[in-house]
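# Report on the structure
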Amino acid sequence: MSIFKRSPTTKDPRLSSIFDVTLATVKRNLITDWQYKSDIVIQFLWTVTNLVAYGFLGLSVGQGTGDFAPNYSFSLFLLSSSAFWTLFTGNYEETAFCLREEAARGTMGYLVTNNVDTLGIMVGRYLSSSIKFLAIFLVTTIPTFALIKGAAGNLLPHTAREFFMLLPLVFFSYLFMMSISVIMGSISLLVKQTTTIVRIMLYLIRIVGGYFFMIESFAAYGGLWWLPVVFVALPIVSGQYAFRKYLIEHDTTVRFPDMQVINDHRVKNGFAPLSFTGLNYGYMLLINFVVSCLFLLGAFLIAKILTQVARRRGTIEFY
Amino acid sequence: MVRSEIIVSNGLIKEFPTSFTLFSKKKTQKERKKRVLNGISFDLPKGLSLALLGPNGSGKTTLLKTLSTIYSPDGGEAFVCGYDIMKETPEVRKRISFVSPAMDFQKKLTLKQTIDFFVKVTNGDMALAKEFIEELQLDHLWHTKLETFSEGQKAITRLCVGLQKNPEILFADEPTNGIDFRRKQVVLDFLEKQGRERTLVLVDHDPEVVDVLCDKILLIALGGTVKGMVDVAKLQSEFNYMYDIMLIPKGTIKKKEAEEIWPRYEMIGGMCRFFASNRSEATEIHERIIQWGKFIDIKTSGISIEDITLLWLKKHEEEFEEKMLAER
Ligand SMILES: Nc1ncnc2c1ncn2[C@@H]1O[C@H](COP(=O)(O)OP(=O)(O)OP(=O)(O)O)[C@@H](O)[C@H]1O
Ligand SMILES: [Mg+2]
């Protein structure tokens, strides 16, 4: 027998068993996962965010009824949250990932060399996505609410006045979320694994914004009485507030929580609406306007700076 | 500042961070950076086109991307179309176009929608795009989605996207890869026709592409340094080679023996390499080697443009060094 020829019978010519493949895959994944230590930290933070969100949620519900008993169910509360966020979730995510997609497609370099701002790409994406999700909102959420409330009358403006009072607050919410989307999108120029970071940000805003529980709940915990007052200055928070009131109570009188009331610990209930006696609607709009502008300005600056950094580091596109 | 050069590069340096992680044991700056362009200097006079050549990983793509303002340099300076790539970036970007082989498209858009988008974005010239597509006989795909395009068809689309802007300089990284032989000729004709109006800066390993389209070759060495710049015309007149015949001798071959077989040769290790300008010369060399007889193997291949450039540089090494010294 020639030395160059190996007898085919020396080894069983079967392929590796599924067991071998599984073991090899597990080993490879553990090794690569360990290489991405920052990912592990981010995933850890994601878990913490979830714990916080649902922890507060449980506490809020557990508080039961306090001074202001809710006059609607908790499921209706959550439903109004998710309805409102139909308007902002998809466009936020698509904007946060759009540069990464552009880079993966290899068009990033071309766009950059043609003076197409990364900012322009992101804002363009945000606007087109917003239109898409507004359409989705109109055909899904409104009918759902009509069904649940059992009255088509809740679908459309009860009075034109209430409806038009709500619109500017929703508009400022759009501006605010645009700035957050742009910031997250810019971060993706430097850090490629941004999926979890984007999710964490979304959850943080939802926690702060009263998605899971009334923001007054924060005040129920001792020293945090001032938190809702700060949070409600964010357009997305007052937007959510007004939207819920409008949808459930046909009322849009969103005002700053009266600090006195909160400081007195009179607000004990988890998700009941407060009867505010604070600042008026005009102030609310003004504050929304100023805060949106500040955030947009900040976001545009961050986009500019991070684009420069990415050109330095060579992460602006895949290579 | 009015310059007679369309591109001036002075000691251009580009470094990439080796890794961007939160936890890295390497703390010093030097350890964390990888220098890819290490002081690239050259001038390209107006009206001439340039080919960048060099081994894989020598930084050709990085140089293209730095000159076309995708990356910002970490040292040195460069002027493109007379504008500083660092300080006058928008002016540079108005005048250039960059075509990357990595460029892919929205698969669900048709060719027309795709070109429309880029024409809008760059304020480009739809007529020029149409002309190019028609010349390349892709107009029957005008309303076809790009997901069905072949690699070659995509390569043509990429070039079209680069050209429609009607740039002063077209930077193109391996632009003719994947394009079939016949269409490649059409592309070459099209680009050549525009001749001196448009400067091309290409990375392309095809000798024919370099030959037809470029006037100068910038040879880059591993480590990102300039090995030399050569005129294509000079190269042709001195080294008009098409084939490379590698002879593996039994034992060794003496210089004299080699010279008797064919005067144009090069010794590499124990082997000998002969250069032929055409097929009949190649056949002749083969016959002579067979006559000589003391060989194990003969291999014939098309010569690479890098090889010729290197040969030229070797021959003119002294002259070159003097020139470089004089320039400093
Ligand atoms: N954005 C980047 N970030 C980090 N390293 C990079 C980046 N781009 C290129 N490099 C590294 O720089 C080196 C040179 O790469 P480049 O793509 O410029 O070479 P090239 O000459 O074009 O090679 P080829 O002939 O294979 O195309 C490579 O080692 C590559 O890994
Ligand atoms: Mg390359």
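Moving on, we come to the overall build of chain A. Within chain A, the secondary structure is distributed over twelve helices and zero strands. Overall, chain A shows an N-to-C arrangement of helices and strands of α-α-α-α-α-α-α-α-α-α-α-α. When burial is assessed residue by residue, chain A has 49% of its 319 residues classed as buried. Roughly 15,700 Å² of accessible area belongs to chain A as shown, and the carbon and sulfur atoms make up 69% of that amount.

Phe88 of chain A together with Phe42, Leu63 and Phe171 of chain B are the most contacted members of the largest nonpolar core, which has 162 residues in total. Top contributing element to this core by residue count: helix H7 (residues 160-187) of chain A, with 14 residues. For Phe171 of chain B, the contacting residues outside a window of four places in its chain are Ile7, Leu64, Leu67, Ser68, Val80, Ile96, Ser97, Phe98, Val99 and Val201 of chain B. Formed by 14 residues, the second largest nonpolar core is a distinct cluster that contains Ile245, Ile261, Ile285 and Trp292 of chain B.

Turning our attention to the environment of Phe88 of chain A. All names here are of chain A. Residue position: Phe88 is located in the loop between helix H3 (74-86) and helix H4 (89-105). Assessed through its relative accessible area of 0%, Phe88 is described here as buried. Separated by 154 residues in the primary sequence, Phe88 and Ala242 place their C-alpha atoms 15 Å from one another. In contact with Phe88, not counting residues within four places along its chain, are Tyr126, Val170, Ser173, Tyr174, Met177 and Ile236.

This part is about the pairing of strand S10 (residues 225-231) of chain B. Side-chain positions along a regular strand alternate between the two faces of the sheet. Residue and element names in this part refer to chain B. Here six bridges tie strand S9 (residues 216-221) to S10, and the two strands are oriented antiparallel to one another. Of the residues in S10, the one forming a bridge with Ile220 is Val226. Hairpin connection between S9 and S10: a loop of three residues separates the two successive antiparallel strands, and Gly223 in this loop has a positive phi of roughly 100°.

Moving on, we get to the sheet that holds strand S5 (residues 83-84) of chain B. Residue and element names in this part refer to chain B. Taken together, four strands build an open sheet; the order of strands is S2-S1-S4-S5 and the sheet is antiparallel. Two strands in the sheet have a free side with no partner beyond their single neighbour: strand S2 (33-45) and S5. Note that strand S1 (residues 5-17) and S2 share ten bridges and pair antiparallel. Each bridged residue has a counterpart across the sheet, and for Glu15 the counterpart in S2 is Arg35.

This brings us to unusual backbone geometry. Residues and elements named next belong to chain B. At Thr69, a residue that is not glycine, the phi angle is positive and equals roughly 65°. Thr69 gets classed as buried once you look at its relative accessible area, which sits at 1%. One non-glycine residue, Gln137, lies in positive phi territory at about 55°. Relative to the helices and strands, Gln137 is located in the loop between helix H5 (126-135) and helix H6 (151-163). Relative accessible area serves as the criterion here: at 42%, Gln137 is assigned to the partly exposed category.

The next thing to look at is the packing of aromatic side chains. All names here are of chain A. Applying the stated rule across the entire model yields 17 aromatic pairs over all chains. On the basis of an interplanar angle of 65° and a centroid distance of 4.8 Å, the ring pair of Phe176 and Phe295 is categorised as edge-to-face. With a gap of 119 residues between them, Phe176 in helix H7 and Phe295 in helix H12 (residues 281-313) connect regions that are remote in the sequence. Note on Phe176: relative accessible area 3%, which makes it buried. Note on Phe295: relative accessible area 29%, which makes it partly exposed.

Once that is clear, we can look at the site of ligand 1. Near ligand 1 there are 15 residues, and of these Gly314 of chain A together with Lys34, Lys60, Thr61 and Thr62 of chain B occur at the shortest range. In this structure, ligand 1 is bordered by residues of chains A and B. Between ligand 1 and Gly59 of chain B, the relevant distance is 2.9 Å, taken from an oxygen atom to a main-chain nitrogen or oxygen of the residue. Taking Tyr71 of chain B, its side chain carries an N or O atom lying 3.1 Å from a nitrogen atom of ligand 1. Here ligand 1 loses 77% of its free accessible area of 640 Å² to cover by the protein chains. Elements that contribute at least two residues to the shell around ligand 1 include exactly S2 and helix H2 (60-67) of chain B. Residue contributions to the shell around ligand 1 peak at three residues, all from H2 of chain B.

What counts, and where the lines are drawn
- Residues numbered from 1 in each chain as written.
- Chains lettered and ligands numbered in written order.
- Predicted model: local features only at pLDDT ≥ 70, side-chain atom pairs only at ≥ 80, totals over all residues.
- Heavy atoms only, no water.
- Helix = DSSP H or I, 4+ residues; strand = E, 2+ residues; numbered from the N terminus.
- Buried < 20%, exposed > 50% of the residue type's maximum accessible area, 1.4 Å probe, protein only.
- Areas by Shrake-Rupley, 256 points an atom, 1.4 Å probe, with all protein chains shown as cover.
- Core = buried A, V, L, I, M, F, W, Y, C linked by side-chain atoms within 4.5 Å.
- Contact = heavy atoms within 4.5 Å.
- Pairing = 2+ DSSP bridges.
- Phe/Tyr/Trp six-rings, centres within 6.5 Å; stacked < 30°, edge-to-face > 60°.
- Near = heavy atom within 4 Å.
- Polar contact = N/O pair within 3.5 Å; in protein donor to acceptor, adjacent residues only side chain to side chain.

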